[in-house]
Amino acid sequence: MTTVLIADDQPMQRFGFRMLLESQDDMTVVGEAGNGTEAINLIARHQPDVSLMDIRMPGLDGIEATRRIIRSGARTRILIVTTFDLDEYAYDGLRAGASGFLVKDALPEELLSGIRAVAAGDAVVAPSLTRRLLDAYARHLPATPGTGGPPATSDPRITALTDREREILTVIGQGWSNTEIAARFHLAESTVKTHVTRILAKTGSRDRVQAVILAYDSRLVTPA
């Protein structure tokens, strides 16, 4: 059973989400929050598997709430669901530690599959979208004058990887799927999945989206 917290400032929106989720045999709603502060408190109390997080809420918004929840070490994974289909919101949410980003006009089955994917430790944002977001906002990443940024080898999370793992992290950052990685490196797809799991564990990345962000932060990947 996947436990879910709904954080949205609109009661009717929360009601709609609850009706949809509780129609599923494998999901249950453990609470509702009308703002970011309530979401933080309820997540600390209930430790749900997934929280649906709106962005624009009174008081503490969804981005800052996500940031604080992730920093607290909570096991809850955050799926941002917002009315605003803007790259900047998606980027800020993913940088804050969210595991996915959907807009509220997504189909019900897309939301349900997104919740299940996030609960399983996967990312909901497509790799191509992640790359577009990071390319668009790469100028916000710190840079060393004259070099375009610190070398990837200076990041201890990268130096802990084997050469093969570093190669795979690089192409993950370029938006490659597991199938594409398997074809490129002549590996079984199950072997690629094992490498990805080890990369996430060694780098402390919660999911594939966070691994892509690391690839940019460490300069393994640079904007096209």
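The sections below set out a description of the structure shown in this document. Note that the structure is predicted; figures quoted are calculated from it, not measured. Position numbers for residues start from 1 in each chain and track the written sequence from start to end. Given that this is a predicted model, residues contribute local features only at a pLDDT of at least 70 and side-chain atom pairs are listed and counted only at 80 or more, while totals for whole chains, interfaces and linings are drawn from all residues. Excluded from the side-chain calculations are hydrogens and water; all other atoms, namely the structure's heavy atoms, are used.

## Some points on the nonpolar core
And then number 1: For the purposes of this section, nonpolar cores are sets of buried Ala, Val, Leu, Ile, Met, Phe, Trp, Tyr and Cys residues that join through side-chain atoms within 4.5 Å. For every residue, the accessible area obtained with a 1.4 Å probe (protein chains only) is divided by the maximum for its type, and the residue is called buried under 20%, exposed over 50%, and partly exposed between those limits. If you look at the biggest cluster of nonpolar residues, it comprises 23 residues, and the most contacted ones within it are M53, I78, I80 and F101.
And then number 2: If one sorts the elements of this core by residue count, helix α3 (residues 62-71) sits on top with 4 residues.
And then number 3: The contact definition used throughout considers only heavy atoms, calling two residues in contact when any of these lie within 4.5 Å. Among residues more than four places away in sequence, those in contact with I80 are M53, I55, I63, G93, A98, G100, F101 and L102.
And then number 4: Membership of the second largest hydrophobic core comes to 20 residues, among which are L161, I172, I181 and I199. Going along the chain from the N terminus, every DSSP run of H or I of four or more residues is numbered as a helix, and every run of E of two or more is numbered as a strand.

## Quick word on the packing of helix α1 (residues 11-21) against helix α5 (residues 108-119)
And then number 1: Running from N to C, α1 and α5 point in directions that differ by 75°, and their axes come no closer than 11 Å. One way to sum up the angle between α1 and α5 is to call them roughly perpendicular. Contacts between α1 and α5 involve F17, L20 and L21 from the first element and P108, L111, L112 and I115 from the second.
And then number 2: In terms of residue class, the contact of α1 with α5 is built from 7 nonpolar, no polar and no charged. All axes are obtained by fitting lines to C-alpha atoms, using only the stretch in contact for helices, and the reported angles, taken between N-to-C directions, cover 0 to 180 degrees. Orientation categories follow fixed angle ranges, with anything under 35 degrees roughly parallel, anything over 145 roughly antiparallel, 65 to 115 roughly perpendicular, and all other angles oblique. Following the grouping adopted for this structure description, the nonpolar residues are Ala, Val, Leu, Ile, Met, Phe, Trp, Tyr, Cys and Pro, the charged ones are Asp, Glu, Lys and Arg, and the polar ones are all others, Gly among them.

## Remarks on a nonpolar patch on the surface
And then number 1: Note that patches include only residues with greater than 30% relative accessible area and no salt bridge, and the join distances are 9 Å for like charges and 5 Å for nonpolar side chains (Val, Leu, Ile, Met, Phe, Trp, Tyr). Here the accessible surface of atoms and residues is derived via Shrake-Rupley with a 1.4 Å probe, and residues count as covered only by protein chains that are part of the display. We count a salt bridge whenever a side-chain nitrogen from Lys or Arg sits within 4 Å of a carboxyl oxygen from Asp or Glu. Together, M12, F15 and M19 line one region of the surface with nonpolar side chains, adding up to about 370 Å² of accessible area.
And then number 2: Note on placement: M12 falls in helix α1.

## Let's talk about the packing of helix α8 (residues 163-173) against helix α9 (residues 178-185)
And then number 1: One way to put it is that α8 packs onto α9 with a least axis distance of 10 Å and a crossing angle of 130°. Judged on the interaxial angle alone, α9 and α8 are oblique. With respect to the hand of their crossing, α8 and α9 are arranged in right-handed fashion. Here R164, E167, I168, V171 and I172 of α8 lie close against α9, whose contacting residues are I181, R184 and F185.
And then number 2: In terms of residue class, the contact of α8 with α9 is made up of 5 nonpolar, no polar and 3 charged. For any pair of crossing helices, the crossing counts as left-handed if the nearer helix is rotated counterclockwise from the farther one by less than a right angle, and right-handed if it is rotated clockwise.

## Brief notes about the sheet that holds strand β5 (residues 100-103)
And then number 1: Strand order across the open sheet formed by 5 strands is β2-β1-β3-β4-β5, with parallel pairing between neighbours. With one partner strand each, in any of the chains shown, β2 (27-33) and β5 form the two edges of the open sheet. The average undirected angle you get between the axes of adjacent strands in this sheet is 25°.
And then number 2: Strands pair, by our definition, only if DSSP identifies at least two bridges between them. Strand direction decides the pairing type here: strand β1 (residues 2-7) and β2, joined by 6 bridges, are parallel.

## Topic: the packing of aromatic side chains
And then number 1: The rule is short: rings of Phe, Tyr and Trp, with Trp giving its six-membered ring, pair when the centres are within 6.5 Å, and they are stacked under 30 degrees, edge-to-face over 60, tilted in between. Scanning the model with the defined rule gives 0 aromatic pairs in all.
And then number 2: We count a charge as sitting over a ring when the NZ of a lysine or the CZ of an arginine lies within 6 Å of the ring centre and within 35 degrees of the ring normal. Taking NZ or CZ as reference, R184 lies 5.1 Å from the ring centre of W176, over its face.

## Some thoughts on the pattern of salt bridges
And then number 1: The full count for this structure, using the stated rule, is 13 salt bridges.
And then number 2: Between E32 and R18 there is a salt bridge, with its nearest N and O atoms 2.6 Å apart. Taken together, the residues span a long stretch of sequence, with E32 in strand β2 and R18 in helix α1 at a distance of 14 residues.
And then number 3: It is possible to trace a salt-bridge network through shared partners that takes in R14, R18, E22 and E32.

## Brief notes about the pairing of strand β3 (residues 50-53)
And then number 1: Neither face of β3 is open: one carries V50 and L52, the other S51 and M53, and all of them are buried.
And then number 2: Strand direction decides the pairing type here: β3 and strand β4 (residues 77-82), joined by 4 bridges, are parallel. In the sheet register, L52 faces β4, and the bridge partner there is L79.
And then number 3: A clockwise path from the first strand over the helix to the second, with the strands pointing away from the viewer, defines a right-handed crossover. You can see the chain leave β3, run along α3 and come back into β4, and the turn it takes is right-handed.

## Some details on the pairing of β1
And then number 1: Burial analysis of β1 places 6 of its 6 residues in the buried class, the great majority of the element.
And then number 2: Handedness of the crossover joining β1 and β2 through α1: right-handed.
And then number 3: Both β1 and β3 contribute to a ladder of 4 bridges, which runs parallel. Opposite L5, over in β3, you have S51 as the bridge partner.

## Description of unusual backbone geometry
Trans is the common state for peptide bonds, and a negative phi is the common state for residues other than glycine.
And then number 1: Phi at Q47 takes a positive value of approximately 50°, unusual for a residue other than glycine.
And then number 2: Along the chain, the position of Q47 falls in the loop between α2 (36-46) and β3.
And then number 3: Look at Q47 and you get partly exposed, because its relative accessible area is 30%.
And then number 4: In this structure, H186 takes a positive phi of about 55° despite not being glycine.

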